[in-house]
Every structure is written in structure tokens, then in C-alpha cells.
Amino acid sequence: SQKIEQNSEALNIQEGKTATLTCNYTNYSPAYLQWYRQDPGRGPVFLLLIRENEKEKRKERLKVTFDTTLKQSLFHITASQPADSATYLCALDENGGFKTIFGAGTRLFVKA
Amino acid sequence: DGGITQSPKYLFRKEGQNVTLSCEQNLNHDAMYWYRQDPGQGLRLIYYSQIVNDFQKGDIAEGYSVSREKKESFPLTVTSAQKNPTAFYLCATEGPLQETQYFGPGTRLLVL
């Protein structure tokens, strides 16, 4: 069956450290993968998109990798800050169709 | 939240009642989506519309209905047939590249 999995346990890290979140998928062949940030009680906000032919993409303190062989994406936040505390969702396109499939998200807590 | 508004922010439904959630956008996007979010689960697609006067069922359309009479508006009705409607409902649009989604602030539906 098709699955997109993110670590359901919350990630707690100290301010200034690098946070690394994982997204694994099975039985999909996405052309691209996206990461969104969601704050409690609010809608998700788009952060980054990485295509199947890209190994890595960066935006300010954010870095995303995409390994189509391992069927995995890693999302890194360097020099993390308490304001980075949120739930991070990964999402992929359903084999070029109109649907976007979202993971359940990983909650990140950054302690000062 | 960009140019997408959802109302109301909170909605209470009595048993047997139909309720309608509003979604309006001024982004001039053709594609619009409705998702349901439950704790610990990914966003699940209820309905989507690629163009005015056309819409398709998503993965969990039973107990819901939509209309798309105007490009700017995509209201969702939760009917009495939906037995477990308590959830956070998110409306989204999709940009012209049909990749990134833009979300509204959400409506939380509670059953009295």
C-alpha cells in the first residue's frame, strides 16, 4: 500500500542546534516533494519544494535532501530558534496527478 | 494565510444538521481543495476542483458536498450523513504550476 511516514514522536532540541526531520514514502514515485510548516490552530505554510532530479535545496537556515533510491527526504533547520517550534509536514504529488499526499507531521520543540 | 479566507473560525453543529463552511480566495487560482485534519493524521482530501463548475471527490467525500459556481468560492457542506464531523477543516488553492498549495486559516467544527 502507499504510505508517507513522518516520525510521530515530537523532536525536542536545544536552541542553536540543528533539527533533522525525516519523511519516508513507499509505493510512490513523486516528481517532487514539499515541506510545510503548521502552527497550532492554523493552516500549513509552504516552505520548500525539491524535485526528483535535485539532491539538495537550501533556503536561509533550511535544507532539504531528496533520495529517490531510499525513498526519503530529510529536512534540516540549522541554528534552530524557539520560533522554529511548530509541526512540519512533508507532502508529495501522487504520481503526477492532481492530488497532493500529506504526512501526519512531526512536532518540533526548540528550547531556549 | 495569504489571500484565502475561511469562515467561521469555529462552528458548532447539532445532530442532524447540515452546516456550510466558507472558503474564498483572491489569488486567481483555478484549483481549490478541501482537507480534513484529525489529530495525529495527515491531511485527508475531501473534494477538489480544478475549474469553475467542475469538482471531483477526494478520498473521504462521503457525508460532504461542495459547489464551485465562482472561481473565488468553494464552499463545503457537512451533511447529517457525516457521522463523525468533528475535525479541523482546511481549504487550499494551488498555484498555476500545480505544485505548491496555499492554505486558509481553517475552520474547527465541533458537534454539540
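All residue numbers refer to position in the chain's written sequence, counted from 1. Chain A is the first chain written and ligand 1 is the first ligand written, with later ones labelled in order. Given that this is a predicted model, residues contribute local features only at a pLDDT of at least 70 and side-chain atom pairs are listed and counted only at 80 or more, while totals for whole chains, interfaces and linings are drawn from all residues. As a rule here, side-chain values come from all non-hydrogen atoms in the structure, and water together with hydrogens is ignored.

### Points about the overall build of chain B
As a reminder, the rule being used: Elements are defined by DSSP. Helices are runs of H or I of four residues or more, strands are runs of E of two residues or more, and each kind is numbered from the N terminus. Note on method: radius of gyration uses C-alpha positions; expected globular size equals 2.2 Å times residues raised to 0.38. Three labels apply to residues, based on accessible area from a 1.4 Å probe with only protein chains included: buried if under 20% of the type maximum, exposed if over 50%, partly exposed otherwise in between. Whether two residues are in contact is decided by their heavy atoms: any pair within 4.5 Å suffices. Under the convention used here, a 1.4 Å probe and the Shrake-Rupley method define accessible areas, while residue burial counts only the protein chains that appear. For the purpose of counting charges, residues Lys and Arg are taken to be positive, whereas Asp and Glu are taken to be negative. His and the chain ends are not included. For the purpose of locating charges, the reference atoms are NZ of Lys, CZ of Arg, CG of Asp and CD of Glu.
A tally of helices and strands in chain B yields zero helices and eleven strands. Computed over its C-alpha atoms, the radius of gyration of chain B comes to 13 Å, within 12% of the 13 Å expected for a compact globule of 112 residues. Across its three principal directions, the C-alpha atoms of chain B cover 40 × 25 × 25 Å. Looking at the 112 residues of chain B, the share that counts as buried comes to 51%. Considering only contacts within chain B whose residues lie at least 6 apart along the sequence, 51% involve residues at least 24 apart. When the accessible surface of chain B is split by element, carbon and sulfur atoms take 49% of a total near 5,300 Å². Here chain B contributes 11 positively and 12 negatively charged side chains, and the mean placements of these two sets differ by 8 Å.

### Digging into the environment of Gln50 of chain B
Spelled out, the test is: The term polar contact refers here to a pair of N or O atoms within 3.5 Å; inside protein, the definition further demands a hydrogen-donor-capable atom paired with an acceptor-capable atom, and it admits residues adjacent in sequence only when both atoms are side-chain atoms.
Within the secondary structure, Gln50 of chain B sits in strand β5 (residues 44-51). The class of Gln50 of chain B is buried, set by a relative accessible area of 13%. Considering only alpha carbons, one finds Gln50 of chain B and Lys14 of chain B, 36 residues apart in sequence, at a separation of 32 Å. Each residue touching Gln50 of chain B, except ones within four places of it in the same chain, is listed here: Phe98 of chain A together with Asp30, Ala31, Tyr33, Gln56, Arg68 and Gln98 of chain B. A polar side-chain atom of Gln50 of chain B sits 3.4 Å from a polar atom in the side chain of Tyr33 of chain B.

### With respect to the packing of aromatic side chains
Each aromatic ring pair is characterised by the separation of its centres together with the angle its planes make. Rules: Here a pair means two rings of Phe, Tyr or Trp (six-membered ring of Trp) with centres within 6.5 Å. Their orientation is stacked below 30 degrees between planes, edge-to-face above 60, and tilted elsewhere.
All chains considered together, the criterion is met by 13 aromatic pairs over all chains. Ring centres of Tyr35 of chain B and Phe103 of chain B lie 5.8 Å apart, and the angle between their planes is 40°; this geometry places the pair in the tilted category. Here Phe103 of chain B lies in strand β10 (residues 101-103) and Tyr35 of chain B lies in strand β4 (residues 31-37), a separation of 68 residues in the sequence. A connected cluster of aromatic rings, assembled from ring pairs, spans Tyr36, Phe46 and Phe102 of chain A together with Tyr33, Tyr35, Tyr48 and Phe103 of chain B.

### A look at the pattern of salt bridges
Just so we agree on the cut-off: Within this document, salt bridges are pairs made up of a side-chain nitrogen of Lys or Arg and a carboxyl oxygen of Asp or Glu, the two lying within 4 Å of each other.
As enumerated under the stated definition, the model contains eleven salt bridges over all chains in all. Residue Glu99 of chain B pairs with Arg51 of chain A through a salt bridge whose shortest N-O separation is 2.6 Å. With Glu99 of chain B in the loop between β9 (87-94) and β10 and Arg51 of chain A in strand β5 (residues 45-51), this pair bridges two chains. By relative accessible area, which is 30% here, Arg51 of chain A ends up partly exposed.

### Comments concerning the layout of surface pockets
Basically, it comes down to this: Two kinds of site are reported from a 1 Å grid over the protein atoms alone, namely cavities, where a 1.4 Å probe fits but cannot get out, and pockets, open sets with protein on both sides within 12 Å along at least five of seven lines, and residues are called lining when an atom falls within 4 Å of a point. Grid points are joined across faces, edges and corners, and a volume is the space filled by probe spheres set on the points.
In this model, the largest pocket occupies a volume close to 410 Å³. Forming the walls of the largest pocket are 20 residues, and the residues nearest its centre are Gln38 and Thr87 of chain A together with Gln37, Pro39 and Gly40 of chain B. Within the residue set of the lining of the largest pocket, elements represented by two or more residues are β9 (86-93) and β11 (106-111) of chain A. By volume, the second largest pocket is sized at about 190 Å³. For the second largest pocket, the lining is made up of 14 residues, of which Tyr28, Ile101 and Phe102 of chain A together with Leu43 and Asp59 of chain B are closest to its centre. At the level of elements, β1 (3-6) and β10 (100-102) of chain A together with β5 of chain B are the ones that each hand at least two residues to the lining of the second largest pocket.

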